[in-house]
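# Tertiary structure, described
The primary structure of each chain is shown beneath.
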Amino acid sequence: MQLIWYDARSSVETKKMNGRTMNVYKLVGLYAVVVAGGAMMVAALAEKKDMESKRGILHSVAALSRKTDFPVEPIFIERWSPRALSPKEITDEELMPLFEAARWAPSSYNAQPWRFIYAKRGTENWNTLFNLMVPFNQAWACNASALVLMVSYKYFPHNGEFSRTHAFDAGAAWQNFALQASQMGLVAHGMAGFDYDRAKIELNISDDYEILMMIAVGRPGNSEDLPADLRTREEPSIRKPVSTFAFEGKLP
Ligand SMILES: Cc1cc2nc3c(=O)[nH]c(=O)nc-3n(C[C@H](O)[C@H](O)[C@H](O)COP(=O)(O)O)c2cc1C
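Quick notes on the rules
- Residues numbered from 1 in each chain as written.
- Predicted model: local features only at pLDDT ≥ 70, side-chain atom pairs only at ≥ 80, totals over all residues.
- Heavy atoms only, no water.
- Domains from an automatic or database assignment.
- Contact = heavy atoms within 4.5 Å.
- Buried area = accessible area lost by both parts, 1.4 Å probe.
- Helix = DSSP H or I, 4+ residues; strand = E, 2+ residues; numbered from the N terminus.
- Nonpolar A, V, L, I, M, F, W, Y, C, P; charged D, E, K, R; others polar.
- Near = heavy atom within 4 Å.
- Polar contact = N/O pair within 3.5 Å; in protein donor to acceptor, adjacent residues only side chain to side chain.
- Areas by Shrake-Rupley, 256 points an atom, 1.4 Å probe, with all protein chains shown as cover.
- 1 Å grid on protein atoms, 1.4 Å probe; cavity = no way out; pocket = protein on both sides within 12 Å on 5 of 7 lines; lining within 4 Å.
- Points joined across faces, edges and corners; volume = space filled by probe spheres on them.
- Patch = residues over 30% accessible without salt bridge, like charges linked within 9 Å, V, L, I, M, F, W, Y side chains within 5 Å.
- Salt bridge = Lys/Arg side-chain N within 4 Å of Asp/Glu carboxyl O.
- Buried < 20%, exposed > 50% of the residue type's maximum accessible area, 1.4 Å probe, protein only.
- Phe/Tyr/Trp six-rings, centres within 6.5 Å; stacked < 30°, edge-to-face > 60°.

### Considerations on the domain arrangement of the protein
Buried accessible area, meaning the area lost when the parts come together, often serves as the stated size of an interface. Considered domain by domain, the protein is made up of domain 1 (1-78) and domain 2 (82-238). Computed from C-alpha atoms alone, the centre-to-centre distance between domain 1 and domain 2 is 34 Å. Across the boundary between the two partners, domain 1 contributes 14 residues, which contact 15 residues of domain 2. In total, about 1200 Å² of surface goes out of reach between domain 1 and domain 2, with carbon and sulfur atoms giving 57% of it. The set of elements that each furnish at least two residues to the side of domain 1 that touches domain 2 consists of helix 1 (2-65) and helix 2 (74-78). For the side of domain 1 that touches domain 2, the residue count by class is six nonpolar, two polar and six charged.

Laid out in C-alpha coordinates, this is it:
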(Lines give C-alpha, C1' and ligand atoms only; values in the text may rest on other atoms or scores of the structure.)
Protein backbone atom coordinates (compact mmCIF):
# COMPACT_ATOMS: atom_id res chain seq x y z
CA MET A 1 0.00 0.00 0.00
CA GLN A 2 2.77 2.31 1.00
CA LEU A 3 4.56 1.67 -2.24
CA ILE A 4 1.43 2.16 -4.33
CA TRP A 5 0.68 5.41 -2.52
CA TYR A 6 4.26 6.54 -3.05
CA ASP A 7 4.12 5.64 -6.75
CA ALA A 8 0.83 7.40 -7.16
CA ARG A 9 2.22 10.50 -5.48
CA SER A 10 5.34 10.32 -7.57
CA SER A 11 3.34 10.06 -10.79
CA VAL A 12 1.26 13.07 -9.75
CA GLU A 13 4.45 14.96 -9.01
CA THR A 14 5.98 13.88 -12.30
CA LYS A 15 2.89 15.12 -14.10
CA LYS A 16 3.08 18.38 -12.14
CA MET A 17 6.77 18.65 -13.02
CA ASN A 18 6.10 17.91 -16.67
CA GLY A 19 3.33 20.45 -16.59
CA ARG A 20 5.64 23.00 -15.05
CA THR A 21 8.39 22.20 -17.56
CA MET A 22 5.89 22.53 -20.40
CA ASN A 23 4.77 25.87 -18.99
CA VAL A 24 8.36 27.03 -18.83
CA TYR A 25 8.88 25.94 -22.47
CA LYS A 26 5.67 27.69 -23.48
CA LEU A 27 6.76 30.85 -21.68
CA VAL A 28 10.21 30.74 -23.28
CA GLY A 29 8.58 30.15 -26.69
CA LEU A 30 6.16 33.01 -26.17
CA TYR A 31 8.98 35.25 -25.02
CA ALA A 32 11.00 34.35 -28.14
CA VAL A 33 8.02 35.09 -30.38
CA VAL A 34 7.40 38.41 -28.64
CA VAL A 35 11.08 39.37 -28.84
CA ALA A 36 11.36 38.33 -32.53
CA GLY A 37 8.07 40.08 -33.36
CA GLY A 38 9.20 43.17 -31.48
CA ALA A 39 12.55 43.17 -33.27
CA MET A 40 10.79 42.83 -36.63
CA MET A 41 8.43 45.68 -35.77
CA VAL A 42 11.33 47.87 -34.65
CA ALA A 43 13.20 47.04 -37.89
CA ALA A 44 10.09 47.76 -40.00
CA LEU A 45 9.51 51.06 -38.18
CA ALA A 46 13.17 52.02 -38.60
CA GLU A 47 12.95 51.16 -42.33
CA LYS A 48 9.74 53.23 -42.66
CA LYS A 49 11.35 56.16 -40.84
CA ASP A 50 14.45 55.87 -43.02
CA MET A 51 12.31 55.82 -46.19
CA GLU A 52 10.32 58.83 -45.01
CA SER A 53 13.44 60.77 -44.20
CA LYS A 54 15.03 59.86 -47.58
CA ARG A 55 11.82 60.81 -49.38
CA GLY A 56 11.87 64.15 -47.54
CA ILE A 57 15.47 64.74 -48.56
CA LEU A 58 14.88 63.77 -52.22
CA HIS A 59 11.80 65.97 -52.43
CA SER A 60 13.31 68.99 -50.76
CA VAL A 61 16.51 68.76 -52.84
CA ALA A 62 14.30 68.98 -55.95
CA ALA A 63 11.98 71.64 -54.57
CA LEU A 64 14.93 73.83 -53.61
CA SER A 65 16.79 73.55 -56.90
CA ARG A 66 13.86 73.65 -59.33
CA LYS A 67 12.09 76.91 -60.02
CA THR A 68 8.70 76.94 -61.74
CA ASP A 69 7.41 79.65 -64.09
CA PHE A 70 3.91 79.15 -62.66
CA PRO A 71 2.63 77.57 -59.45
CA VAL A 72 1.98 73.80 -59.69
CA GLU A 73 1.33 70.93 -57.30
CA PRO A 74 4.61 69.97 -55.56
CA ILE A 75 4.50 66.32 -56.75
CA PHE A 76 5.60 67.38 -60.25
CA ILE A 77 8.81 69.05 -59.20
CA GLU A 78 9.54 66.73 -56.25
CA ARG A 79 9.89 63.73 -58.58
CA TRP A 80 13.28 63.26 -60.10
CA SER A 81 15.55 60.44 -61.21
CA PRO A 82 18.38 59.74 -58.81
CA ARG A 83 20.84 56.93 -59.56
CA ALA A 84 22.02 56.30 -55.99
CA LEU A 85 20.06 53.29 -54.76
CA SER A 86 20.23 50.97 -51.73
CA PRO A 87 20.51 47.34 -52.84
CA LYS A 88 17.48 46.09 -50.92
CA GLU A 89 14.64 43.79 -51.84
CA ILE A 90 11.13 45.07 -52.52
CA THR A 91 7.83 43.56 -51.43
CA ASP A 92 4.66 43.26 -53.51
CA GLU A 93 3.03 45.71 -51.08
CA GLU A 94 5.56 48.29 -52.27
CA LEU A 95 5.78 47.35 -55.94
CA MET A 96 2.14 46.70 -56.86
CA PRO A 97 0.91 50.25 -56.04
CA LEU A 98 3.18 51.51 -58.83
CA PHE A 99 1.36 49.31 -61.36
CA GLU A 100 -1.93 50.32 -59.75
CA ALA A 101 -1.12 53.98 -60.36
CA ALA A 102 -0.18 53.16 -63.97
CA ARG A 103 -3.51 51.36 -64.33
CA TRP A 104 -5.46 54.61 -63.93
CA ALA A 105 -3.78 56.46 -66.76
CA PRO A 106 -6.08 57.70 -69.53
CA SER A 107 -5.81 56.09 -72.97
CA SER A 108 -7.44 56.31 -76.37
CA TYR A 109 -10.68 54.25 -76.30
CA ASN A 110 -9.60 53.22 -72.80
CA ALA A 111 -7.52 50.56 -74.56
CA GLN A 112 -4.91 50.52 -71.75
CA PRO A 113 -2.12 49.35 -74.06
CA TRP A 114 0.65 49.41 -71.43
CA ARG A 115 2.29 46.14 -70.38
CA PHE A 116 5.01 45.72 -67.74
CA ILE A 117 7.45 42.82 -67.48
CA TYR A 118 9.16 42.99 -64.11
CA ALA A 119 11.88 41.18 -62.23
CA LYS A 120 12.60 41.56 -58.55
CA ARG A 121 16.13 41.71 -57.22
CA GLY A 122 17.50 38.28 -56.30
CA THR A 123 15.15 36.32 -58.57
CA GLU A 124 15.82 34.24 -61.71
CA ASN A 125 14.25 36.84 -64.01
CA TRP A 126 16.48 39.62 -62.69
CA ASN A 127 19.54 38.54 -64.73
CA THR A 128 17.56 38.47 -67.98
CA LEU A 129 16.51 42.11 -67.60
CA PHE A 130 19.78 43.22 -66.04
CA ASN A 131 21.85 41.80 -68.92
CA LEU A 132 19.88 43.84 -71.46
CA MET A 133 21.13 47.15 -70.07
CA VAL A 134 24.13 49.07 -71.38
CA PRO A 135 27.13 49.10 -69.00
CA PHE A 136 26.45 52.75 -68.07
CA ASN A 137 23.05 51.80 -66.67
CA GLN A 138 24.27 48.53 -65.15
CA ALA A 139 26.81 50.53 -63.12
CA TRP A 140 24.07 52.08 -60.98
CA ALA A 141 20.94 50.01 -61.66
CA CYS A 142 22.73 47.00 -60.16
CA ASN A 143 21.44 48.40 -56.85
CA ALA A 144 17.81 48.56 -57.96
CA SER A 145 15.16 46.53 -56.15
CA ALA A 146 13.22 45.72 -59.32
CA LEU A 147 13.73 46.14 -63.05
CA VAL A 148 10.77 46.72 -65.30
CA LEU A 149 10.49 46.53 -69.07
CA MET A 150 7.61 48.51 -70.51
CA VAL A 151 5.95 47.67 -73.81
CA SER A 152 2.70 48.74 -75.42
CA TYR A 153 0.16 46.77 -77.44
CA LYS A 154 -0.17 48.43 -80.86
CA TYR A 155 -3.79 47.61 -81.69
CA PHE A 156 -7.21 48.50 -80.33
CA PRO A 157 -8.79 45.43 -78.72
CA HIS A 158 -12.31 46.51 -79.82
CA ASN A 159 -11.63 46.51 -83.58
CA GLY A 160 -8.08 45.25 -84.10
CA GLU A 161 -7.04 48.49 -85.82
CA PHE A 162 -3.66 50.09 -85.29
CA SER A 163 -3.67 52.64 -82.45
CA ARG A 164 -1.53 55.62 -83.30
CA THR A 165 -1.47 56.63 -79.61
CA HIS A 166 -0.49 53.32 -78.01
CA ALA A 167 2.99 54.51 -77.02
CA PHE A 168 1.66 57.92 -75.99
CA ASP A 169 -0.92 56.25 -73.72
CA ALA A 170 1.79 54.05 -72.22
CA GLY A 171 3.79 57.22 -71.55
CA ALA A 172 0.95 58.48 -69.37
CA ALA A 173 1.03 55.18 -67.46
CA TRP A 174 4.78 55.54 -66.95
CA GLN A 175 4.32 59.03 -65.50
CA ASN A 176 1.67 57.75 -63.07
CA PHE A 177 4.05 54.93 -62.11
CA ALA A 178 6.91 57.37 -61.53
CA LEU A 179 4.82 59.84 -59.51
CA GLN A 180 3.44 57.06 -57.30
CA ALA A 181 6.98 55.81 -56.67
CA SER A 182 8.13 59.29 -55.76
CA GLN A 183 5.22 59.78 -53.36
CA MET A 184 6.11 56.48 -51.67
CA GLY A 185 9.75 57.50 -51.28
CA LEU A 186 10.89 55.07 -53.97
CA VAL A 187 12.93 55.87 -57.06
CA ALA A 188 11.60 55.02 -60.52
CA HIS A 189 14.31 55.85 -63.05
CA GLY A 190 13.46 55.45 -66.74
CA MET A 191 16.01 53.96 -69.13
CA ALA A 192 16.33 53.73 -72.90
CA GLY A 193 19.91 52.47 -72.57
CA PHE A 194 19.35 48.78 -73.20
CA ASP A 195 19.34 46.38 -76.14
CA TYR A 196 15.84 46.59 -77.64
CA ASP A 197 16.49 43.86 -80.24
CA ARG A 198 17.77 41.40 -77.68
CA ALA A 199 14.84 42.24 -75.34
CA LYS A 200 12.43 41.29 -78.13
CA ILE A 201 14.12 37.94 -78.70
CA GLU A 202 14.96 36.99 -75.11
CA LEU A 203 11.55 37.92 -73.74
CA ASN A 204 9.71 36.48 -76.74
CA ILE A 205 7.89 39.75 -77.48
CA SER A 206 5.79 39.58 -80.66
CA ASP A 207 5.51 42.31 -83.33
CA ASP A 208 2.13 43.25 -81.84
CA TYR A 209 3.99 45.09 -79.10
CA GLU A 210 6.39 48.01 -79.16
CA ILE A 211 9.25 47.92 -76.69
CA LEU A 212 9.33 51.31 -74.97
CA MET A 213 11.63 51.62 -72.00
CA MET A 214 13.06 50.02 -68.89
CA ILE A 215 12.58 51.31 -65.36
CA ALA A 216 14.87 50.82 -62.38
CA VAL A 217 12.80 50.84 -59.19
CA GLY A 218 14.66 51.16 -55.93
CA ARG A 219 15.13 52.66 -52.53
CA PRO A 220 17.12 55.89 -52.36
CA GLY A 221 20.77 55.35 -51.53
CA ASN A 222 23.79 57.53 -50.79
CA SER A 223 25.31 59.51 -53.63
CA GLU A 224 28.79 58.97 -52.11
CA ASP A 225 28.46 55.28 -53.04
CA LEU A 226 28.10 56.08 -56.76
CA PRO A 227 31.05 55.88 -59.17
CA ALA A 228 32.75 59.30 -59.33
CA ASP A 229 31.42 60.24 -62.80
CA LEU A 230 27.82 59.58 -61.71
CA ARG A 231 28.19 61.28 -58.33
CA THR A 232 28.70 64.69 -59.94
CA ARG A 233 25.52 64.22 -62.02
CA GLU A 234 23.37 63.28 -59.04
CA GLU A 235 21.12 66.33 -58.90
CA PRO A 236 17.61 67.22 -60.07
CA SER A 237 17.61 68.50 -63.64
CA ILE A 238 16.01 71.76 -64.73
CA ARG A 239 13.59 72.48 -67.59
CA LYS A 240 13.15 74.83 -70.52
CA PRO A 241 10.82 77.77 -69.85
CA VAL A 242 7.10 77.23 -70.64
CA SER A 243 7.33 79.98 -73.30
CA THR A 244 9.65 77.78 -75.40
CA PHE A 245 7.10 74.97 -75.87
CA ALA A 246 3.57 76.34 -75.36
CA PHE A 247 2.26 78.45 -78.26
CA GLU A 248 -1.06 80.16 -78.79
CA GLY A 249 -2.55 79.41 -82.18
CA LYS A 250 0.34 77.79 -84.07
CA LEU A 251 3.95 76.75 -83.83
CA PRO A 252 6.46 79.54 -84.49
C1 LIG B 1 12.28 57.18 -71.80
C2 LIG B 1 13.41 57.56 -70.89
C3 LIG B 1 14.67 57.03 -71.10
C4 LIG B 1 15.71 57.34 -70.23
N5 LIG B 1 16.93 56.69 -70.39
C6 LIG B 1 17.86 56.81 -69.41
C7 LIG B 1 19.00 55.96 -69.41
O8 LIG B 1 19.18 55.08 -70.23
N9 LIG B 1 19.91 56.12 -68.41
C10 LIG B 1 19.74 57.06 -67.42
O11 LIG B 1 20.59 57.13 -66.54
N12 LIG B 1 18.65 57.86 -67.39
C13 LIG B 1 17.71 57.76 -68.36
N14 LIG B 1 16.56 58.52 -68.30
C15 LIG B 1 16.38 59.53 -67.27
C16 LIG B 1 16.40 60.95 -67.88
O17 LIG B 1 17.70 61.30 -68.19
C18 LIG B 1 15.74 61.90 -66.89
O19 LIG B 1 14.41 61.53 -66.69
C20 LIG B 1 15.78 63.34 -67.42
O21 LIG B 1 17.09 63.81 -67.45
C22 LIG B 1 14.94 64.27 -66.56
O23 LIG B 1 15.40 64.23 -65.23
P24 LIG B 1 14.45 63.86 -64.00
O25 LIG B 1 13.79 62.55 -64.32
O26 LIG B 1 15.39 63.76 -62.84
O27 LIG B 1 13.45 64.94 -63.84
C28 LIG B 1 15.50 58.23 -69.17
C29 LIG B 1 14.23 58.79 -68.98
C30 LIG B 1 13.20 58.46 -69.82
C31 LIG B 1 11.83 59.04 -69.55
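### Brief notes about the site of the ligand
Neighbouring residues of the ligand: 17 residues in total, closest Arg-66, Ser-81, Asn-137, His-189 and Ala-192. Between the ligand and the protein, one listed contact pairs an oxygen atom with a side-chain N or O atom of Ser-81 at 2.4 Å. Note that a nitrogen atom of the ligand is positioned 2.8 Å from one of the side-chain N or O atoms of Asn-137. When the ligand sits alone it has 620 Å² of accessible area, and the protein chains cover 67% of it. Where the shell around the ligand is concerned, the elements lending two or more residues are helix 5 (135-141) and strand 4 (187-191).

### Section: the layout of surface pockets
Taken as a whole, the largest pocket holds about 530 Å³ of empty space. Counting only elements with at least two residues in the lining of the largest pocket, the list comes to helix 2 and helix 6 (166-183). Here the lining of the largest pocket takes three residues from helix 6, the largest share from any one element. A per-class count over the lining of the largest pocket returns ten nonpolar, three polar and six charged. Put simply, the second largest pocket is a space of about 210 Å³. In terms of lining, the second largest pocket is formed by 13 residues, of which the most central are Ile-57, Leu-58, Trp-80, Gly-221 and Ser-223. Its residues assigned to classes, the lining of the second largest pocket comprises seven nonpolar, three polar and three charged.

### Comments concerning a nonpolar patch on the surface
Residues Leu-27, Leu-30 and Val-34 make up a contiguous nonpolar surface patch of roughly 320 Å² in combined accessible area. In this structure, Val-34 sits in helix 1. A relative accessible area of 55% places Val-34 in the exposed class.

### Describing the packing of aromatic side chains
Throughout the structure, instances matching the rule amount to ten aromatic pairs. Seen in terms of ring centroids, Phe-99 and Tyr-118 are 5.3 Å apart; in terms of plane orientation they differ by 35°. Their pairing is tilted. With Phe-99 in helix 3 (residues 92-103) and Tyr-118 in strand 2 (residues 114-120), this residue pair connects regions lying 19 residues apart in the sequence. Tyr-118 sits in the partly exposed class, given a relative accessible area of 34%. Here the aromatic rings of Phe-116 and Phe-177 are separated by 5.6 Å at their centres, their planes lie at 15°, and the arrangement is stacked. Of this pair, Phe-116 sits in strand 2 while Phe-177 sits in helix 6, placing them 61 residues apart in sequence.

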